[in-house]
Each structure stands twice: as structure tokens, then as C-alpha cells.
Amino acid sequence: MILIVGAGLAGLSTAYHLGDRACRVMEKEKEAGGLCRSYHMDGFTFDVTGHLLHFRQAEIKTLVEGLLVGSLTKHTRRSYIYSHQTYTEYPFQVNTYGLPPEVVRECLLGFIATLTKPPATPPEDRSFKAWILENLGEGMAKHFMVPFNEKLWQVSLDELTSDWVAWLVPKPELKDVVNGALGIKDKAFGYNPSFLYPTQGGIGVLPGAFLSGVRDIVYGSELVEVDTGRRRATFQDGRLEEYDTLVSTIPVPELVRRCTDLPRPIREAAEGLRCVSVYNVNLGLARERRRCRTMRYMSSTSTRCTSP
Ligand SMILES: Cc1cc2nc3c(=O)[nH]c(=O)nc-3n(C[C@H](O)[C@H](O)[C@H](O)COP(=O)(O)OP(=O)(O)OC[C@H]3O[C@@H](n4cnc5c(N)ncnc54)[C@H](O)[C@@H]3O)c2cc1C
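Note that the coordinates shown come from a computational prediction; the quantities given were computed from them, not determined experimentally. (Residues numbered from 1 in each chain as written. Predicted model: local features only at pLDDT ≥ 70, side-chain atom pairs only at ≥ 80, totals over all residues. Heavy atoms only, no water.)

Caption draft 1: Quick peek at the sheet that holds strand 12 (residues 240-242). Taken in spatial order, the three strands make up an open sheet running 10-11-12, and their pairing is antiparallel. Unpaired on one side and paired on the other, strand 10 (223-227) and strand 12 mark the two borders of the sheet. Taking the axes of each pair of neighbouring strands and ignoring which way they run, one obtains an average angle of 20° across the sheet. Pairing analysis gives three bridges linking strand 11 (residues 232-235) to strand 12, with the strands arranged antiparallel. Residue Thr234 lies in a different strand from strand 12, and its bridge partner there is Leu240. (Pairing = 2+ DSSP bridges. Helix = DSSP H or I, 4+ residues; strand = E, 2+ residues; numbered from the N terminus. Axes fitted to C-alpha atoms, helices over the stretch in contact; angles between N-to-C directions.)

Here it is as C-alpha cells:
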């Protein structure tokens, strides 16, 4: 028996793909979806956290499009950065037009300087801050990349490695940076210039679609202890589940705390993991939906509407 702990996307997808193999999903909440849930209130649909569907892997895109046939709408990203009393488009590095001339100058000169300087640190030792300085230059680091990312990640960027950034932070060519400083737009940048989102029902329709392929799921059952030696999991409601394989999708430190028989170095390493907490504030605007504006507010607001 394969025991899956957690009915967020990871747990649901695992059970879905196991098909006819014997498996059971255990979820502590009264519903599935984890972070990827929606709820409905006073005619509004809110997501627990905003989710946009952009896919790096073709097979995942095919999977999601297959689960939600005809239920997804494609949107174009419209994200803006407010700085120096000006809104500029995201990503900053190719959209400095409109900022004060001395800021644009610093950004341009800093970027040009990176093109002739050899990297100071080997990739494996490079912090995120060093990556920004080496790839985007001092002006962009000072005016956006460092303050924005330190606010987002809540740590000094010297403490973050850079191996994960390459796909996430667009590294433009000189032509793109110059075009951006002059206000010329000839291409889209970043990993999500367009994205998919359910046409109706909020992002919660995605876990809902996986659920139709999951046969055995127990709600309101929180994992409290795992005996990895005997392959037994105990739940707060008194259930004791024996398993051949345990698939945990709950946060790693929480799992390790519940595995009483793990060696001390593993427990200490798990306690050393850090995370950033996020508050998601949802606002409902009681006015008629205007088609092209809605997505601009989408990650934090919902507009009550009856017509598509
Ligand atoms: C603010 C924010 C924005 C995001 N935006 C996007 C986006 O735009 N696009 C995108 O693709 N991804 C986005 N993500 C990432 C995405 O939400 C996650 O990758 C995905 O939802 C994680 O799914 P999961 O199943 O791994 O974890 P979770 O959704 O956390 O699921 C874990 C499940 O385990 C359950 N659980 C926890 N402890 C126990 C226990 N002891 N016993 C039993 N059950 C337990 C929880 O209740 C939960 O249902 C965003 C995440 C955040 C926080």
C-alpha cells in the first residue's frame, strides 16, 4: 500500500498517476487542494493564494490542459513596478524608460560594464547578489533587483545561492536593455509573459479535476507520528496506517519532526531549513467586471460578476 500524506497538487497528482495501484491519500483539512484552493464568498471567488499557470515542461502543460479541457483562458501578463514616482513594466531590466534619466543612465552603464568583466566567482559559489551584479550590473542591483528581492525573500541576497535564478530572472542582451531604456518594445520577457487561468471557479478547479481520478482519500486526518522502521503512520483521529511506501508532501521539517526514529543529523538538518511566510489579502470589488482590467488585480482581488 502506498500512503500519500497531503492532498495538495503533489499528493493528488501522485495518487492520480498511480491509477489502479493501491494507494490512500491522507489530508488534515476537510478538503483537498492545499495552497491551490479557491473559496466562494458573497458572490466572489477568491484563491487561497494567487496562482497563474505557466509551464516549463510540455508534458505538464498537456496534462493540465487535458484535465481542464476548454476551461482555461490565456492571459497576457500586465505587471508594473512603482519606483521613483513612476510605473514601469516588469521586468525592470528591459523597461527603465520613464525613470529619472540619472537612474536610467546608472542602469545602462552598469549593465554595459558587466559585458566586459569576466565573472568574479565560480557558478557554484555565486550568491544571488553576486549573480545580479555580474549579470545585470550595479545600477539595476541598486535601483531594483537587490531591494525588491530582499523584501521578497526576507534575507540578505548574500545568503541565497544563484543556481535557481537563471530560468526565473531574465538575463537580457544589450539590445533589449537599450530598447527598454528608449521605450521600444519588440518582445516579451520572463518566464510568464502569458499564462493560463481557469475561466470559471478559480484555481481550485485544478485540484478538483485531479480528484476525479483519486479513489481513496481521507479528510480531517492529520499525520502525527511515523515509525519508519515498522512502516506505520499514526494520525490524530486515531487511525494507524501500515504502508509499503510513504509519500509525504507536507513541509520537510514537519515530516522529520513526526519521524521519531530518524538519526539526529537528519533532524538537525531539517530544523535548519528556513521559509518565508506569506499573507494573502483578498479584496472584492463590488462593481461590474470590465474585461481587460480584471486580470490586473487577479492575484489579490476578485470581481463579483455574473456575466463572462
Ligand atoms: C503566494 C504563492 C503563490 C504561488 N503562485 C504560484 C503560481 O502562480 N503558479 C504556480 O504554478 N505555483 C504557484 N505557487 C506554488 C504552488 O502553490 C505550490 O507549488 C503547490 O500548490 C504546492 O503543492 P503541494 O501539494 O506540494 O503542497 P501544499 O499545497 O502545501 O499541500 C500540502 C497538503 O498537505 C496537508 N498537510 C500538511 N500537514 C499535514 C499533516 N501533518 N497531515 C496530513 N496532511 C497534512 C496540507 O493541508 C495540504 O493540503 C505559489 C505558492 C505561493 C505560496
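Caption draft 2: Fine view of the site of the ligand. Of all residues adjacent to the ligand, which total 22 residues, the nearest are Glu27, Leu35, His51, Leu52 and Leu223. Leu9 has a polar backbone atom sitting 3.1 Å from an oxygen atom of the ligand. At 2.6 Å, a side-chain N or O of His51 approaches an oxygen atom of the ligand. Here the ligand loses 71% of its free accessible area of 1000 Å² to cover by the protein chains. Residues belonging to the shell around the ligand are distributed by class as follows: nine nonpolar, eight polar and five charged. (Near = heavy atom within 4 Å. Polar contact = N/O pair within 3.5 Å; in protein donor to acceptor, adjacent residues only side chain to side chain. Areas by Shrake-Rupley, 256 points an atom, 1.4 Å probe, with all protein chains shown as cover. Nonpolar A, V, L, I, M, F, W, Y, C, P; charged D, E, K, R; others polar.)

Caption draft 3: Focus on the environment of Gly183. Here Gly183 is to be found in the loop between helix 6 (174-182) and strand 8 (194-198). Taking C-alpha positions, Gly183 is 9.0 Å from Val94, a pair spaced 89 residues apart along the chain.

Caption draft 4: Molecular detail of the confidence of the model for the protein. Chain-level statistics for the protein give a pLDDT mean of 90 and a share of 94% at 70 or above. Considering only residues more than four positions removed or in separate chains, one finds that residues 292-308, a stretch of pLDDT under 50, has 37 contacts. (pLDDT = per-residue confidence, 0-100. Contact = heavy atoms within 4.5 Å.)

Caption draft 5: Main features of the sheet that holds strand 13 (residues 245-248). Across the sheet, which stays open at both edges, the four strands sit in the order 9-2-1-13 with parallel pairing between neighbours. The sheet terminates laterally at strand 9 (217-218) and strand 13, the two strands that pair on one side only. Bridge count between strand 2 (residues 23-26) and strand 9: two bridges; the pairing is parallel. In the strand pairing of strand 9, Met26 is matched with Val218. Helix 1 (residues 9-18) rests against strand 1 (2-5), strand 2, strand 9 and strand 13 of the sheet, and its axis sits at about 155° to strand 1.

Caption draft 6: Spotlight on the pattern of salt bridges. According to the stated counting rule, one finds 16 salt bridges in the structure shown. The salt bridge involving Arg258 is made with Glu222; its shortest N-O contact spans 3.2 Å. Taken together, the residues Arg258 in helix 8 (residues 252-258) and Glu222 in the loop between strand 9 and strand 10 connect sequence positions 36 residues apart. Look at the salt bridges and you will find they share partners, linking Arg24, Asp216, Arg239 and Glu241 into a network. (Salt bridge = Lys/Arg side-chain N within 4 Å of Asp/Glu carboxyl O.)

Caption draft 7: Region of interest: the side chain of Glu241. For Glu241, the position within the fold is in strand 12. A distance of 2.9 Å separates a polar atom in the side chain of Glu241 from a polar atom in the side chain of Arg24. Polar contacts involving the side chain of Glu241 include one to the side chain of Arg239, which spans 3.1 Å.

Caption draft 8: Representation of the pairing of strand 11 within the structure. Only one face of strand 11 is buried, namely the one carrying Ala233 and Phe235, since none of Arg232 and Thr234 on the opposite face is buried. Where strand 10 meets strand 11, four bridges bridge the pair, whose relative direction is antiparallel. Along strand 11, the bridge assignment pairs Leu223 with Phe235. Between strand 10 and strand 11, which pair antiparallel in sequence order, lie four residues; one of them, Arg231, sits at a positive phi of approximately 55°. (Buried < 20%, exposed > 50% of the residue type's maximum accessible area, 1.4 Å probe, protein only.)

Caption draft 9: Main features of a nonpolar patch on the surface. A cluster of nonpolar residues, Leu109, Ile112, Leu115, Leu174, Val178, Leu182 and Ile184, forms a patch on the protein surface that exposes about 580 Å² of accessible area. With respect to the helices and strands, the residue Leu182 is situated in helix 6. By relative accessible area, which is 55% here, Leu182 ends up exposed. (Patch = residues over 30% accessible without salt bridge, like charges linked within 9 Å, V, L, I, M, F, W, Y side chains within 5 Å.)

Caption draft 10: Looking closely at unusual backbone geometry. Look at the link from Tyr90 to Pro91: it is a cis peptide, with omega at 0°. Following the sequence through the fold, Pro91 ends up in the loop between strand 7 (86-89) and helix 3 (101-116). For Asp42, which is not glycine, the phi torsion reads 50° and is therefore positive. Following the sequence through the fold, Asp42 ends up in the loop between strand 3 (38-41) and strand 4 (44-47). Positive phi, close to 55°, is recorded for Arg231, a residue that is not glycine. By the secondary structure assignment, Arg231 is in the loop between strand 10 and strand 11. Here Arg231 falls in the partly exposed class, since its relative accessible area comes to 42%.

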